[in-house]
Structures are given as C-alpha cells and as structure tokens.
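If you want the building blocks of each chain, they are given just below.
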Amino acid sequence: MGFLLGFAATLLAVVLIVQIIRVFELTSKLSGNDQSKVSFKDNRTRAFSWLLFMIWYFALFIWVVQKWGPLVLPEAASVHGETIDFLFNLNWVIILIAFIITHLVLITFILRYYARPGSKAEFITHNNKLEMIWTVVPAAVLAVIIIYGLKTWDEYNGDVAGDAINIELYAKQFDWTARFAGDDDQLGKANFNFINTSNPLGLVTEQTIKIRIQELNDQIAELKEELNHVPKDGLKESQKLAAIHHKETQLSKIHAFRRNNELAKNAAKDDKLVKVEFHIPVGRQVNFSMRSQDVIHSAFMPHFRAQMNCVPGMVTRMRFTPTITTAEMRRKTGNPEFDYLLLCNKVCGAAHYNMQMNVIVDTPEDYAKWLAEQTTFNAKLMATLGLSETDNQLAQNIQ
Amino acid sequence: MSNTAHAADHHAEDHHQETFISKYVFSQDHKMIAKQFLVTGMFMATIGMLMSTLFRIQLAWPGEGFAVLNFFLGDKWAPEGVMDPNMYLALGTIHGTIMVFFLLTAGLSGTFANLLIPYQIGARDMASGFMNMLSYWLFAASSVIMVLSLFVETGPASAGWTVYPPLSALPQAMPGSGLGMTLWLVSMTLFIASSMIGGLNYIVTIVNLRTSGMSMTRLPLTIWALLVTAILGLLSFPVLLSAALLLLFDRSFGTSFYLSDIFIAGEALDYNGGSPILFEHLFWFLGHPEVYIILLPALGLTSEIIATNARKPIFGYKAMIGSILAIAFLSFIVWGHHMFLTGMDPFLGSVFTFTTLLIAIPSAVKVFNYLTTLYKANIRFTPAMMFSLGMVSTFISGGLTGIILADAALDITVHDTYFVVAHFHIVMGFSAVNAMFAGVYHWFPKMYGRMMNQKLGIIHFWATLISGYGVFLPMHFLGLAGVPRRYYTNSEFPLFDSFIDMNVLMTVFAIIAALAQFIFFFNFFYSMKRGPVAPQNPWRSNTLEWTTPVEHIHGNWPGDLPVVHRWPYDYSKPGKAEDFVPQIVPLEEGEVDGEH
Ligand code: HEM
Ligand SMILES: [Cu+2]
Ligand SMILES: [Cu+2]
C-alpha cells in the first residue's frame, strides 16, 4: 500500500515534469523570448497566485491543527509542568498573532501594490517613528516572555525537597536501568572500573570489589602467560603490554577505592535495580541523578516536561513532582493503554530509536508495595554467581 | 560570441595566455570561481537531497522493502530493500553536513560573494585571485573527500551533523565512527581552510577595493551582509577547527579531551578527565554563528532583489545595516541555547535564554522593513522576486518558533524533537534555499549572459514553496507530541502510531519537492546554452554589476572603473525620467543622496 502510494506519487510527478517541459518548449516558441520583462497580465496572475497560496497555507495550518493537534502531549503531569504549559500557551498566542498579522500584511501589500498599467511606486526611505515603535513593541513583549520564562526555568531547577526520592537513571547502548535506594535510603557509590557482566552499573560493594580484583588479576596473569609462550610478534606484544598496563592501572584504582571508601562501600548492596519499567509515587518529589556508560544519552520524559542529558564522566540531575497517576491519566486521555515514557533523546547509535522505559505513577501505597517487591542488587548478584560461599572463596583468593 | 568560437581559438594557439586550464579549471577570475562554487554546490545538494528522500521513505514506511533503497544503498545497507538503522543515521548525518556546509555555506557565500563583491563595489577582481582559487579548490577537495566517505566499508560518519563525542569518537559505538568519521574530519578541516581563505579575501576586498565614491553607506545590502558573514566566519570557524583537531587527537592518539569514564564493547577505556560538554561548547561556538553565516547572505540577496523588483528603496537602509550588525554580535553570545539540557549551570542557561531572545528584536526589525518596502511599491513578480517573498514568509514562520526554543523552560519539552527539525529547516534551510534560488534567477544573466525561463521559474517556485511547507508545517506537531528526532522509526512506540499517516504525507511532499528541483536543473542548464541572450541591465537595476558588458571580460569594466555618485536604492525617485537611477549617475544640483 505504502509502496504503491509512493510509486504513484513518483509517477505522477514524472509525468507532470514531462508535460511541463513540453508546454514550456511550445510557449517559449510562441510567445516572444524576452525573459527580462513581466507582462502586466502575468504580473497580475502571479500576484493573485499569492492569494491562492495564502489561502492554502492557512487552510493547511487549520487542517493540521485539527488533525494532529489532539495528538500533542496531554496536560503536564508534574507540578512545574503546569507552569511550563502556561508559558507555552502564552508563547503560542504571541506567535500566532505575529504570524497572522505579518502574513496578512504581506498578502495585502502584494495584492494592493503589484505593478499594473500606469502604476508607480512611492519613494519612501525610512520613518524613524515607525521604526522606533516596531523595535520597542517586540522588545516589550519579549521582556514579558523572558521574565516569565526565567521564573519558570528557576522553578524547574529548584531545590531538592527534604522527602524527595532519589533515583538514578543509568543509560547505556541501548537500554535504561533505574536504581532505587534500599532501606538505608542511600544510593551506593559506583565507578566505571567496576563494570562487568554481573555488575553493569559498576556499583561498589565488598563483593564487587573482590570480584573485580580477582577478575583483573586473572586477566593479567593470562596475558602474561601468553606473552611468555606465544612466539614473538612485535605488534601483538606491544598491544598486550599496553593491555596489561591498562589493567594494572585499573587494579590500583580499585584498590584505592577500597582504601578510601570503607564507609560507603556497602551502601549499594541493598540498592534496587529495575529495567523496562519503574514506578514513582504521585505527589512526592523525585530527584533523579543520571549517568551514562558509553556515549551521551538524554533522559526525556515528555509528559512530565522533564529532560536532561546523560553524559559519560559526569553526573547530571533533574527533579519533578508527579501530579497524575498512570491510572488517572489513562482515564483522562481515554486511552487504557497509556503509559508515561522515558525515551532516549540524544542520538546514541543504531538502536537509539528503541531505547525506552515505561514510567508508572502510583499512589504512595502501591508504590511502597511495588518497591518492597523488588530484589536488592546483592541478592541478584549472589544469585547470578550461584553461591553465597563464592564470597569466601573470593576472599581467600585475594589475600 | 559563442563558446565554440573560443574553443577554436584555443586550438589554434595553444600558447595563448589563457589556456583552457587557466580559464575553466584553475581560474583566478572571480566570475568563473563563482560559477564553480555554484555548480559544485548544486552537485553536492543533489546528493544531499537524494539522501533525504531515501530516509524519508524509511520514515513513512518503516521496515518495508523498496527497490530504490536497495538500488542506491546496495545489499549491505539495504538488504532486501530495508534500510539498515546505521545507514539511516549515516544518511541524516551526511545530508545535514552537506546542506549546512557545502550548499548553504560554501555554495551560497562562495557563489554570491565571489560574483557580487568585485562587481558591486566596482573592483576589477578579488584582492587575491590566487587565494580565491585556492579557496575553491580546497572546497572541491573537501567535497570529493566527503563524497568518497560514502563508499567506506563501515559507512560514512553517522553521529549526526553535530558529531558529538563520544559517539563520534569511538568506532565501537557505531560503525560510522570508524574511517568514515576520520574522512569527515579531514574533509571539514579542508572546508574550514577554504572558508577562512575565502572570507579573508572577501573582507580585504570590500575594505580596500571599493571604487571611488563607494562609501560604506553606499554599499548595497548584499555587500554588507557578505562582509559581516565573512567576519563571522573568520572569528568562529577557527573554533570549529580546534574542536575537530582535538576530536582527531582523541580518536587517533589516545588523548582525553572529550572522553572520560567510558565502558564500551565489554571494556573500560583508558580515558580520563575529558568532557564531551567541552566539545559541545566549541562546536556551537561556531554552530550558532554558522546559522547566521547561512542566513545573512540570504537576507542580503533578498534585500537587493526585493528593492529592485518593488521599484522602491529598501525601507530603513541604515536600520537594516544596524540589524545585520546586531544579529552578528549577538550570534556570538547565544550558543548555549543548544545546550540547555546538558547539565550546564542553570544560571548560565538563564543568560543564554536572555541573549537568544534579544536576537529576535533585530530579526523582527528586518521583517518589518521587508514588509514596509512593499508598501506603496510597484511590484514586478520575476521568479527572483517570488523566491524572495517566499523567503520573507519562511523567515517569519520559522523564526517565530525560535522564540519557544529560546526559552530554556520550554526547550525542556521540545529540545531534540521534530519541533527543532521543523524550526531550523524552515528558518534556515528553507529561507536560505529560497534566497539562493532568488539569487540564481536574478544574477543568472550576469553569470551566463543569458536569461532563464520565467514560466519554469514560477512553476519551480510554487512547487518548492508548497511542498516545503507541506513537509515542515505538520512536522511541528510530531515534536509537540514528544517524538524525538534521529529515530530510525517511530513504530516502536504505541503512543506515536497515530502519526504514521503524517509521515507518509511528509514523505510524499518531500519527493515532490525533490522532483521539482529537476525543473530548475533543466531551466538552468538549458538556459545556459539556449536561453535568450541577456540585455545588459535586464532588471533595470541600480547596482554596478549591471554596468559591465554582458560578455565576461577580465577586469570587468572595459575602460576606467566606474565612479559612484549615489546609494544603490534610488528607485522611483521623484523627478526622474526612469524609475531607477544607477549608482554611476551623478547627483543633480541640490539632489539629496541616500535616506531622506
Ligand atoms: C534567524 C535565523 C535562525 C536560524 C538560521 C536558526 C537556526 C537554528 C538551527 C540550525 C538550529 C538547530 C540546531 C540543532 O539542534 O541541530 C536551531 C535551534 C535553535 N534555534 Fe534557531 N535559528 C534561527 C532563528 C532563531 C531565533 C530567532 C531564535 C530565538 C529567538 C532561535 C532559537 C533557537 C534555539 C533556542 C535552538 C535550539 C533548540 C534545541 O536544540 O532544542 N533560532 N536554530
Ligand atoms: Cu540512548
Ligand atoms: Cu543557535
């Protein structure tokens, strides 16, 4: 169907062009060949073609507003979002007025002042008073927008509430992980040197320290072994030496972590990591911190009017207070399938287009229930490793 | 005099001073170089346009197989006619790069600065013909490299025309960041060198080589715009060059300017302490002035064309110069509006909101001046005039949405969505393309000594304007629904499903727009050979270029250089026999020059 449509359009256009060229060759032979003059008749036709265009343009605008206007984002589902929407609407009013007036003036002048037999232009070079007015009026309107806009921006960047929930959004090619604090109400430390398959966020706990130390030691040993046995090959050898050096540096950083973060190192143990979907309670501020594993991503939650880039090497933040639960929003939009979305909004590679998570806004009770059901990081880690005695084994190896 | 006669000359006397090579290839004549820029720009634009139709097909019918896609992209990038997601990103990246830099920077400024600066200021040529030639050939080399990068095994650069690292820095992040990205950087380095050499030459020429009587306040607005554009380029392109060089270092020599704490493809990388945000600052420090490097020449050309065809002085000549200068100055302190959501200090965001909204004032002044120029005018609708009026419409339509984007608080919801794509395509892409077409239709007689066909020009105009709006007007609503840009398909989100028919509509318009350009190509090449021979001053215009002979000669004027006696906008001046008074006509007793 789609193919047919595209094909038909293409065909139509080709036919059109062939016809146009035919007509062109005929008429240019018939009519005189002076292409620097515009006859009064043509001039009039062209002036009125602008009228047709304006009608079409405004009609298109109205049609588009009617057809797709209802599909724009529903009302904001956050406290600051309501202010943003108000500012948005204010801007729309100003923009539409400016758009309509300028286009009406344009078409009026075109129709009023196209050259016709005996017509003449008037020699007008400038008018200080007029120019002053149209500098000052936009400036005044802009002042309103600026002042109101900066107030709204400040509100968005406002202080963290005392009872805010801390959530980390962790981005990587091509999915999201949301991390909630455990019973200690604290998000544990994380560092990219700790990342491996069992610990994609690089969380720092007693266990992950041990696992990484053992892993790196093994890898270094293996590389050294290879160096001794594999026949000499300049390039490969220098690559391996570099790899060994790199891993030794990592190791020393991990040891440093171990020494310096005695206190913090277990805070991550009871953190809860969720994928695909996460819940937040209505009416309580959510304080997001964001990290990225690889390239820049952007955490975009359009329904909450919230967005912030996730940049490797730094932690970025944003916060908002949701005001409408998912259930309520489903009712309001009349769409039983409605879900709030977290999208990636900074191009990050091949599957950028499908890097998403659902956000469920719950009542506080439902939220508490949901959170209690989530398993902790440590429990999951132990489960993947098989045994809890791994712990002891690891401990022995490291000594 | 026909070209064949010339060719015969050359065969007859090979030792003739002007060989084929020195006349058509390594020419140092500004008129020839202008034509070289134009044709190269048109060639690149055709590639860019084809790319956009290909990715629009994917967006309208995601996942469906198309023989055309397979034909152009081959089995590797479009197996069974279904576009590969990496190729989708690559096409968008190169499309953007070509259109922004190769067409609307080099193609637009290169063509009209070279053609018009010596002509309109009354100079025999550019200050340095050699540098001018160098500028073109560096541009040609960078075009060749950019085109070659399309054929690299791992694909061309794909991280978007803004090439943000780490995505653009690490081949592990996407295949396009391998050799393709290296070639992109090499190509852009040459491109920047070309722009700077060209720009320096334009500035020196305008400042030093104005003919007697051509004071700064008698310069046509085209020249003012081109002068300020060249200054903008000279001050901002070096920053892009440093950004590109540092990226090259990070990619090839293991430095950490932009990279830190990265784990990718199963490995923690050995980069420490760099920041991708640094790159964004450097990039947009050029990037924002760059949008005005594109727009100002467009405004300059249309000012000239509108005054000529309205048969009326441009309204508020000095105010127009003032707003060009104000826009140029402000354009250096607004770049942060592309970075509101990068984690930049919110206070800095406030400052950039403030400066960005200030730009709207001189922009508004320009619009009002255009409109008032039409008041009590005697408008003649040549194709150039139609395109110029089209630009007035697109500049308004697209500029207004900038007010929303400029507000950091509102940008939260629309940043990086299709709303931005709609905004900048209309205000920058569409406006500058309109102005460029206007310029070609208007100055074609000066370039090729022949006239283009008006009827075809008008058809081309309406097809372009209508299909352009057909693509970009609906697109705003995609953005307002929260649909991000640079998505291979929107079909992964049930929420966006209802937009599929809009995507089809936009694609159909995009295809029509692309086909409409062939009307132009036909008109252009046909008229070049077979168009009616141009009169000396076909549009009855005041500026100096129309006092030169139709045939191109070295040095532009056969005898002495013309002497300028008045500003360029004496159209329909009371008490004159004609409705135009060329700049070379002396003032009468008691006649006042300029604005009054
Ligand atoms: C007049 C000529 C203008 C041009 C040529 C222009 C061009 C552009 C371009 C190319 C972008 C897209 C950058 C990207 O994300 O890749 C852009 C975005 C933007 N424009 Fe304009 N613009 C113009 C006018 C305005 C005006 C008048 C304003 C404000 C009053 C404005 C404000 C913005 C803002 C804030 C963005 C960033 C939006 C975002 O990335 O979220 N622009 N513009
Ligand atoms: Cu992403
Ligand atoms: Cu900008």
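Every chain's residues receive numbers from 1 upward, in the order its sequence appears when written. Throughout, the order in which chains and ligands are written sets their labels, letters from A for the former and numbers from 1 for the latter. Side-chain atom pairs in this predicted model are given and counted only at pLDDT of 80 or more, local residue features only at pLDDT of at least 70, and totals for whole chains, interfaces and linings cover all residues. To get the side-chain values, all heavy atoms of the structure are used, and hydrogens and water are removed first.

> Looking at this model, I keep getting lost on the domain arrangement of chain A. Mind explaining?
Many structure descriptions define interface size as the accessible area lost when the parts assemble. Delimitation of the domains relies on an automatic or database domain assignment. You can read the domains of chain A as domain 1 (70–82 + 145–187 + 270–399) and domain 2 (206–265). Computed over C-alpha atoms, the centres of domain 1 of chain A and domain 2 of chain A are 33 Å apart.

> Honestly, the interface of chain B and chain A in this entry has me stumped. Any pointers?
Contact criterion: two residues are considered in contact whenever any of their non-hydrogen atoms come within 4.5 Å of each other. Facing 143 residues of chain B, the contacting portion of chain A comprises 121 residues. Both sides of the chain B and chain A interface together cover about 11600 Å² of buried area, and 72% of this is carbon and sulfur. Three residues stand out in chain B for area buried against chain A, namely Phe263(B), Phe381(B) and Ile412(B), and they jointly supply 6% of the buried area on that side. By definition here, a salt bridge exists when the distance from a side-chain nitrogen of Lys or Arg to a carboxyl oxygen of Asp or Glu is within 4 Å. Taken together, chain B and chain A are joined by three salt bridges. Between Asp416(B) and Lys346(A) there is a salt bridge, with its nearest N and O atoms 2.6 Å apart. In protein, a polar contact requires one atom able to donate a hydrogen and another able to accept it; more generally it is a pair of N or O atoms within 3.5 Å, and residues adjacent in sequence count only if both atoms are side-chain atoms. The tally of links between chain B and chain A comes to 28 residue pairs in polar contact (both at pLDDT 80 or more). By definition, the buried area sums, over both parts, the 1.4 Å-probe accessible area that each loses when the two are put together.

> Quick question: what am I supposed to make of the sheet that holds strand S3 (residues 272–274) of chain A here?
Note: strands within a sheet are paired through backbone hydrogen bonds, in either parallel or antiparallel orientation. All names here are of chain A. Between any two strands, pairing holds if DSSP finds at least two bridges. Numbering of helices and strands starts at the N terminus; helices are DSSP runs of H or I of at least 4 residues and strands are runs of E of at least 2. Pairing is mixed across the open sheet formed by five strands, whose spatial order is S3-S2-S1-S5-S8. Since the sheet does not close on itself, it has two edges, and those belong to S3 and strand S8 (316–320), each with one partner. Strand-to-strand, the axes of this sheet are offset by a mean angle of 25°, without reference to chain direction. Both strand S2 (residues 175–180) and S3 contribute to a ladder of three bridges, which runs antiparallel. Residue pairing for S3: Arg179 is matched across the bridge by Leu273. Simply put, an axis is a line fit to the C-alpha atoms, just over the touching stretch for a helix, and the angle between two N-to-C directions goes from 0 to 180 degrees.

> What is the right way to look at the pattern of salt bridges in this model?
Think of it this way: side chains of opposite charge can pair up when their charged atoms draw near. Residue and element names in this part refer to chain B. Scanning all chains against the criterion turns up 27 salt bridges over all chains. The salt bridge involving Asp570 is made with Lys573; its shortest N-O contact spans 3.5 Å. The exposure classification of Asp570 matches that of Lys573, with both residues buried. Each member of the salt-bridge network shares a partner with another, and the members are Arg566, Asp570, Lys573, Lys576, Glu588 and Glu591. Buried, partly exposed and exposed residues are distinguished by accessible area as a fraction of the type maximum, computed with a 1.4 Å probe on protein chains only: under 20%, between the cut-offs, and over 50%, respectively.

> Explain the coordination of the iron atom of ligand 1 to me, please; I cannot follow it from the model alone.
Residue and element names in this part refer to chain B. Only nitrogen, oxygen and sulfur atoms qualify as donors, and only when within 2.8 Å of the metal (3.2 Å in the case of Na, K and Ca); with water excluded, sites may look incomplete. With respect to protein ligation, the iron atom of ligand 1 binds only His423 (NE2), at 2.3 Å. Here the iron atom of ligand 1 and the copper ion (ligand 3) are spaced 4.8 Å apart. Mapped onto the secondary structure, His423 falls in helix H14 (residues 418–448).

> Even after reading the chapter, I still don't get the coordination of the copper ion (ligand 2), so can you show me in this structure?
Note on metal sites: the ideal angle is 109.5 degrees for four tetrahedral donors, and 90 or 180 degrees for six octahedral donors. All names here are of chain A. Within the protein, the atoms that donate to the copper ion (ligand 2) are His297 (ND1), Cys344 (SG), Cys348 (SG) and Met355 (SD), at distances of 2.0 to 2.5 Å. A four-donor site is called tetrahedral if each angle lies between 85 and 135 degrees; a four-donor site is square planar, and a six-donor site octahedral, when trans pairs exceed 155 degrees and the remaining angles lie between 65 and 115; all other cases are labelled irregular. Of note is the copper ion (ligand 2), whose four donor atoms meet at the metal with angles of 95 to 121° in an arrangement that counts as tetrahedral. Of note, the donors binding the copper ion (ligand 2) are all from one chain and are spaced H-x46-C-x3-C-x6-M. Residue Cys344 is found in strand S9 (residues 340–344), and its partner Met355 is found in the loop between S9 and strand S10 (356–362); the two are separated by 11 residues along the sequence. Grouping residues by exposure puts Cys344 and Met355 together as buried.

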